[in-house]
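Secondary and tertiary structure notes
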Amino acid sequence: MKQGGQHPIAAGVTALVAVAVGVGLIIGIGMFVGANILGLGGGGAADDQATDPDAGASLYAPSPKPTKTASGPAITLNASPTSAPEKQAASTSSSPSETVEEKPAKKEITLQAGIVQAKPMERIDLSGIYPRGEGAILRLERNDGQGWEEFGIPDVRVTGEQFSTPIQSGRIGKHKFRMKDIDTGTYSNVVTVTIG
């Protein structure tokens, strides 16, 4: 055994303790720096929060406000952009003493057929839009040269200002279809489907 030297076990323990302390310091410093970078450190925020509770806040959520829902259809058909300026010009040219009353826009049912030529008993999809007709009940009518009559399918409800229904017919020939609002008597445009 060497004189004046350390015991080999004691030297190993001392080295192990030195390494553990060094690793602990490195991990601690890394965590401190990481917390400050991420804004998790207490720092001066605790002092600021005593006078201003929102001073240390890092998340902002605006106050909720009611939203406005769309009142018109998602698709606009039969629009004539040149007619609106003329009406506006006419209303602005009237004298200030006159009051201009605006009439509500007319409800128009727009009908379209998925196909215009079909085989007997082939599925025909009829669909359309009915602005401001939410909840209306529509009845399908057909004219195959004998005059208008109910087609004989269940009535169709307007939902989201839109409607659709599938139909089938075994009668050969040209058929005209239209939708009727059963409450107001308003009719849609006529679509023609040739079967045969």
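Right above here is the structure, for reference.
Since the model is a prediction, treat every value here as computed from it, not as a measurement.

Digging into the sheet that holds strand β1 (residues 110-113)
Sheets are built from strands paired through backbone hydrogen bonds, the pairs being either parallel or antiparallel. Taken in spatial order, the three strands line up as β1-β3-β7 in an open sheet, and their pairing is antiparallel. Either end of the sheet is taken by a strand with one partner, and the two such strands are β1 and β7 (162-167). On average, each strand axis in the sheet is tilted by 20 degrees relative to the strand beside it, whichever way the strands run. Two strands pair when backbone bridges link them, and β1 and strand β3 (residues 124-129) are joined in this way by four bridges, in the antiparallel orientation. Its bridge partner lying in β3, Q112 is registered against S127.

Structural notes on the packing of aromatic side chains
Considering all chains together, one arrives at one aromatic pair under this definition. Aromatic pair F151 and F177: ring centres 5.6 Å apart, planes at 75 degrees, arrangement edge-to-face. With F151 in the loop between β5 (148-150) and β6 (156-157) and F177 in strand β8 (residues 173-181), this residue pair connects regions lying 26 residues apart in the sequence. A single burial state applies to F151 and to F177, both of which are buried. Lying across the ring of W148, R178 places its NZ or CZ 4.0 Å from the centre.

Quick look at the pairing of strand β4 (residues 137-143)
Within β4, six of the seven residues are buried, which leaves the element mostly enclosed by the surrounding structure. Relative to β6, β4 runs antiparallel, the two sharing two bridges. When the sheet's bridge partners are listed, I137 is paired in β6 with R157. Sheet topology places β4 next to β8; six bridges connect them, and they run antiparallel. Note on β8: the bridge partner recorded for L140 is M179. Sheet analysis places β4 next to β5, joined by three bridges and oriented antiparallel. Residue pairing across strands places E141 opposite E150, the latter belonging to β5. Linking β4 back to β5 in an antiparallel pair, the connection comprises four residues, with G145 at a positive phi of about 100 degrees.

Thoughts on the nonpolar core
Ranked by internal contacts, the top residues of the largest apolar core, which has 19 residues, are L126, F163, F177 and M179. Those elements that provide at least two residues to this core are β3, β4, β7, β8 and β9 (191-195). Take this core: its biggest share by element is three residues, from β9. Excluding its chain neighbours within four sequence positions, the residues that come into contact with L126 are L111, Q112, A113, L140, F163, S164, T165, I167, F177 and V191.

Rules used throughout
Every chain is numbered on its own, with residues counted from 1 as its sequence reads. With pLDDT at 70 or above as the cut-off, local features in this predicted model cover only qualifying residues; side-chain atom pairs require 80 or more to be listed or tallied, and sums for whole chains, interfaces and linings still use all residues. Calculated side-chain values reflect all of the structure's heavy atoms, with hydrogen atoms and water omitted. Paired strands, as defined in this entry, are two strands with at least two bridges between them according to DSSP. Numbering of helices and strands starts at the N terminus; helices are DSSP runs of H or I of at least 4 residues and strands are runs of E of at least 2. Axes, fitted as lines to C-alpha atoms, cover a helix only where it is in contact. Angles between the N-to-C directions of the axes lie from 0 to 180 degrees. Put simply, two rings from Phe, Tyr or Trp (the six-membered ring, in Trp's case) pair if the centres are within 6.5 Å, and we call them stacked under 30 degrees between planes, edge-to-face over 60, tilted for the rest. Relative accessibility thresholds used throughout: buried, under 20% of the residue-type maximum; exposed, over 50%; partly exposed, between the two (1.4 Å probe, protein chains only). Throughout this description, the term charge over a ring refers to an Arg CZ or Lys NZ atom that lies within 6 Å of the ring centre and within 35 degrees of the ring normal. Each nonpolar core is a collection of buried residues, namely Ala, Val, Leu, Ile, Met, Phe, Trp, Tyr and Cys, held together in the definition by side-chain atoms within 4.5 Å. Only heavy atoms enter the contact rule, under which two residues are in contact if any of them lie within 4.5 Å.

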